[in-house]
Amino acid sequence: MKTSFRVLACWFWLAGFGFAQEAPQAFLGGRIIPIAGPEIPEGTLVVHNGRITAVGPMRSTPIPDGTERHDARGKILIPGLVDSHSHIGSVEGADSTAPIQPDARVLDSINVRDAGIQKAQAGGITTANIMPGSGHLLSGQTLYLKLRDGNVIDDLLIRNREGVIAGGMKMANGTNSRRADPFPGTRAKSAALVREQYIKAQEYRDKVQRANGDPEKLPPRDLRMEALVEVLEGKRVVHHHTHRHDDILTVIRLSKEFGFRVVLHHVSDGWKVANEIAAAKVPCSIIVIDSPGGKLEALDLSGKTGAILDKAGVLVGFHTDDGITDSRLFLRSAALAVRNGMSREKALYGLTMANAIMLDLQDRVGSLEVGKDADFVVLSGDPLSVYTKVLETWVEGKKVFDRSDPKDLLYAVGGYGASRDQMMHMDDYDEEAR
Amino acid sequence: MPYGRCALVLGSVVLVLMSWCNTRVEAQIGVKGETVHTLAGPAINNGVVLIRDGKIERVGPASQITIPKGFRILQAKVVSPGLIDAHTVVGLSGYLNQAQDQDQTERSSSMQPDLRAIDAYNPQERLVDWVRGFGITTLHTGHGPGVLMSGQTMIVKSRGKTVDDAIVVPNAMVSVTLGESSKEPTKGPGSRAKQVALLRAELIKAQEYASKRKTASDDKKPGRDLRLDELVRVLNREIPLLVTAQRSQDIISAIRIAKEFNLKLVLDGAAEAYLVIDQIKEANAPVILHPTMARAGMGETENLSLETASRLKKEGISVALQSGFESYVPKTRVVLYEAAVAAANGLSFEEALGTVTIEAARILGIADRVGSLEVGKDADLALFDGDPFEYTSHVIGVLIQGEIVSEEVR
């Protein structure tokens with residue numbers, strides 16, 4: 001008995017070992033919304049080794065021999081959702097000792113067993129920008145994660161070709177970061193403190209350049225400056241919390257002065273300065289909330305923000321800001337934007353491709369195209385309908401959420417224990433240990 | 001000059017006449033709906049609701065009802081009764097979320113049944129306007145959760161310049177909160193057991209007060225005590241005790257207290273109600289369930305389920321939905337959206353609509369006036385351009401007592 005279980009466990013282990021042994025998988029007959037092109041009423045999606053190998057109409061899309069087939073008739077397939085602003089994973093960044101802390105990495109804080117990650121999978125989210133909070137002018141380095149089923153944070157990271165871990169930098173202005181000393185007390189002071197640090201970083205960068213590798217001339221390593229130099233060099237995009245119209249313009253002003261790349265987040269007043277945002281060619285990651293107010297900066301929050309910014313020519317994405325809105329209901333943000341005048345196409349783009357672009361991940365995620373990561377969601381119905389359920393979520397060809405599995409269903413609908421950290425079951429443990 | 005003056009007077013008279021005619025005409029309305037959900041029977045295809053002087057005069061299929069000449073005609077794809085938010089703090093809690101517009105909880109004492117909602121409600125609060133735009137015509141609002149006994153609640157229509165214009169029931173329930181959120185670590189009560197001990201002591205005090213007021217000779221009668229007066233009303237079952245309790249043990253405590261003092265109990269929040277369904281049934285207590293989309297990540301609502309409304313309903317428990325209390329953004333939720341999520345998670349369409357109309361009206365004790373489209377009831381209606389629960393549908397009109405209060409597309 002014990003031996004046969006071990007053999008079985010061993011087989012599981014082998015099956016999970018790399019992509020090489022995996023058969024291609026095809027999803028047949030569903031309506032495919034590839035985002036990259038028109039909807040395919042009866043489509044075929046083929047994935048292999050974690051990538052998409054074919055997508056097209058069922059009649060004209062060949063399926064390789066040995067493919068595992070999934071019946072997707074009556075269902076809808078969309079790309080895995082990309083959340084450009086989330087706080088799942090019990091994430092922490094900067095502490096309260098200083099308003100600007102570029103050395104703080106969320107990498108060093110995330111709990112991959114946090115139930116929020118399971119719930120995000122249940123909501124169809126496959127990629128998320130995990131951020132520290134907005135109580136600082138600069139609260140630390142963010143992480144772009146793939147919501148794979150992982151055991152440690154490294155299992156969820158995204159690395160570029162040079163092996164660099166993908167992530168941005170979180171900044172904020174307005175009222176949240178105005179606090180007691182040593183935090184700024186006014187908006188002008190906020191901007192002054194930020195400028196001071198970026199000027200320091202410019203000087204640090206220049207010193208390093210002038211040293212040209214000479215250890216005698218190199219300044220001592222400074223983790224804070226190193227991170228800001230990455231921002232100045234455009235390697236790390238600034239994700240900037242900002243609400244009021246004048247604060248939005250301040251962000252644009254500073255990004256121009258220092259040449260950093262920026263995505264504006266929340267932008268409650270964005271509709272008032274839509275043309276200015278468009279002219280600056282700055283993308284917006286917006287939040288969709290049930291009512292205005294709750295804080296002075298969000299008094300004029302409008303459901304029409306998405307439609308207005310889009311019309312002005314701004315790249316618009318949505319975010320959950322989880323726990324402000326629930327990752328399981330992320331599709332709802334796009335649906336409510338449509339209610340308020342945004343086109344269906346742009347709203348779906350805002351859940352996927354627009355966010356992928358904001359995270360520099362447009363070559364890997366955000367649409368169903370050959371060569372991209374096999375991140376997709378199987379839906380029971382139209383993505384904008386309240387009655388639609390996420391049935392399955394797949395990341396890189398692996399199913400990470402299955403509504404028919406009672407353990408996953410608990411995260412999808414809630415119930416006793418649904419918010420507890422993911423349990424480490426002994427049987428899971430045995431499986432992984434062998 | 002005299003001629004000009006005469007013209008001015010004449011003009012004014014015409015204007016007055018015109019506006020008088022307008023209101024006269026506006027008061028008489030025929031609402032046509034491709035589907036009319038009356039909540040008093042099956043939905044009517046191609047239905048008509050006739051409104052005269054603020055009340056519903058007739059409801060039925062268009063084939064049987066002719067809209068009289070002179071009636072203003074409104075048309076919609078779907079017509080429903082005006083929605084009811086069965087528990088909110090809107091109007092006491094304002095959208096600025098600054099100290100000066102947050103009147104839902106007074107923290108100087110843990111026991112304040114004497115605080116009247118009518119003395120704090122701001123009918124011109126923007127959030128009232130906001131939720132009205134989504135078809136919500138009746139609000140059960142007042143003192144909120146977060147204090148052991150925070151005060152009274154009331155029922156209003158979401159209109160009016162003054163609280164008197166808005167009022168339906170000035171003193172609806174007394175609000176009690178059990179569990180973590182009403183603990184006061186320094187002042188007390190600092191524990192669940194202490195909360196219940198304080199409540200029981202206060203109710204016993206009110207029993208003795210009532211009996212002394214009744215039987216004692218004039219010189220020995222206790223003086224009027226506003227707090228105890230209110231609790232006597234609760235003890236006399238004139239008004240229910242509204243107990244916000246999320247954890248199952250707090251729900252059970254509420255039931256135990258209600259039984260001991262023979263109170264009318266309305267359970268509120270009740271995130272873990274599905275764990276104690278038998279006990280809730282036995283206590284015959286209706287449940288004003290937390291917003292279906294309430295934040296589930298933390299604290300006492302961590303175990304809430306999107307399916308609780310349907311599980312309770314299947315067991316025959318009376319369920320209404322609420323927008324609840326929000327301390328941050330969004331400053332209020334919208335019960336139309338909450339019912340939509342309940343409809344997507346096990347409730348039938350009619351049942352889900354019921355949680356924000358007729359069921360809510362029954363729990364609040366106002367089903368004789370609102371909650372369904374029936375002859376003689378207030379003409380409170382919500383008009384939609386599609387399935388009310390679909391995110392992409394719109395509210396296209398809202399009527400309160402026959403008055404069109406919103407024609408905005410929302």
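Parameters and conventions
Residues numbered from 1 in each chain as written. Chains lettered and ligands numbered in written order. Predicted model: local features only at pLDDT ≥ 70, side-chain atom pairs only at ≥ 80, totals over all residues. Helix = DSSP H or I, 4+ residues; strand = E, 2+ residues; numbered from the N terminus. Rg over C-alpha atoms; globule rule 2.2 N^0.38 Å. Buried ≥ 20, exposed ≤ 12 C-beta atoms within 10 Å, placed from the backbone. Domains from an automatic or database assignment. Contact = placed C-beta atoms within 7 Å. Nonpolar A, V, L, I, M, F, W, Y, C, P; charged D, E, K, R; others polar. Pairing = 2+ DSSP bridges. Axes fitted to C-alpha atoms, helices over the stretch in contact; angles between N-to-C directions. Core = buried A, V, L, I, M, F, W, Y, C linked by C-beta atoms within 7 Å.

A. Up close: the overall build of chain B. On a plain count of helices and strands, chain B comes out with eleven helices and 16 strands. Whereas a compact globule of 410 residues would reach a radius of gyration of roughly 22 Å, chain B reaches 23 Å, a difference of no more than 12%. Its C-alpha atoms give chain B principal-axis dimensions of roughly 75 × 55 × 40 Å. Across the 410 residues of chain B, 50% fall into the buried class.

B. Fine view of the domain arrangement of chain A. All names here are of chain A. Assigned domains of chain A: these are domain 1 (2-79 + 372-433) and domain 2 (81-358). A separation of 29 Å is found between the C-alpha centroids of domain 1 and domain 2. Looking at the side of domain 1 that touches domain 2, the elements that each hand over two or more residues are strand S16 (390-395), strand S17 (398-402) and helix H11 (406-413).

C. Focus on the domain arrangement of chain B. All names here are of chain B. Splitting chain B by domain gives domain 1 (1-81 + 374-410) and domain 2 (83-370). Here the C-alpha centre of domain 2 lies 32 Å away from the C-alpha centre of domain 1. Taken together, the contact between domain 1 and domain 2 spans 17 residues of the former and 21 residues of the latter. Every element with two or more residues in the side of domain 1 that touches domain 2 is listed here: strand S4 (72-81), strand S15 (395-400) and strand S16 (403-406). Sort the elements by how many residues they give to the side of domain 1 that touches domain 2 and S15 lands first, with three residues. Looking at the side of domain 1 that touches domain 2, its residues break down into nine nonpolar, three polar and five charged.

D. Seen up close, the sheet that holds strand S9 (residues 143-146) of chain A. All names here are of chain A. Read from one edge to the other, the open sheet built from three strands follows the order S6-S7-S9, with strand pairing classed as mixed. Every other strand in the sheet has two partners, leaving strand S6 (81-86) and S9 as the edge strands with one partner each. Recorded for the sheet is a direction-independent mean angle of 20 degrees between the axes of neighbouring strands. For strand S7 (residues 125-130) and S9, the ladder comprises four bridges, and the chain directions are antiparallel. The partner of Thr127 across the bridge, within S9, is Lys146.

E. Spatial organisation of the environment of Leu115(B). Within the secondary structure, Leu115(B) sits in the loop between strand S5 (83-85) and helix H2 (126-132). Apart from the residues lying within four places of it in its own chain, the contact partners of Leu115(B) are Glu106(B), His143(B), Gly151(B) and Gln152(B).

F. Examining the nonpolar core more closely. Of all hydrophobic cores here, the largest spans 231 residues; its most connected members are Leu45(A), Val49(B), Leu267(B), Val287(B) and Ala339(B). Element by element, the count of residues in this core is highest for helix H9 (residues 335-343) of chain B, at eight residues. Those residues in contact with Ala339(B) that lie beyond four places of it in its chain are Leu321(B), Ala352(B), Leu353(B), Thr355(B), Val356(B) and Phe389(B).

G. Broad picture of the sheet that holds strand S1 (residues 29-36) of chain B. All names here are of chain B. The strand order across the open sheet built from seven strands is S3-S2-S1-S4-S14-S15-S16, with neighbouring strands paired in mixed fashion. Bordering the open sheet on either side are strand S3 (55-61) and S16, each of which pairs with just one other strand. Mean inter-strand twist for the sheet, computed between neighbouring axes without regard to direction, equals 40 degrees. Where S1 meets S4, seven bridges bridge the pair, whose relative direction is parallel. Bridged to Thr35 within S4 is Val78.

H. How the structure looks around the environment of Leu241(B). Residue and element names in this part refer to chain B. Within the secondary structure, Leu241 sits in strand S10 (residues 241-245). A tally of 26 C-beta atoms within 10 Å means that Leu241 is categorised as buried. Residues in contact with Leu241, not counting those within four places in the same chain, are Met173, Val174, Val176, Val234, Ala258, Leu263, Lys264 and Leu265.

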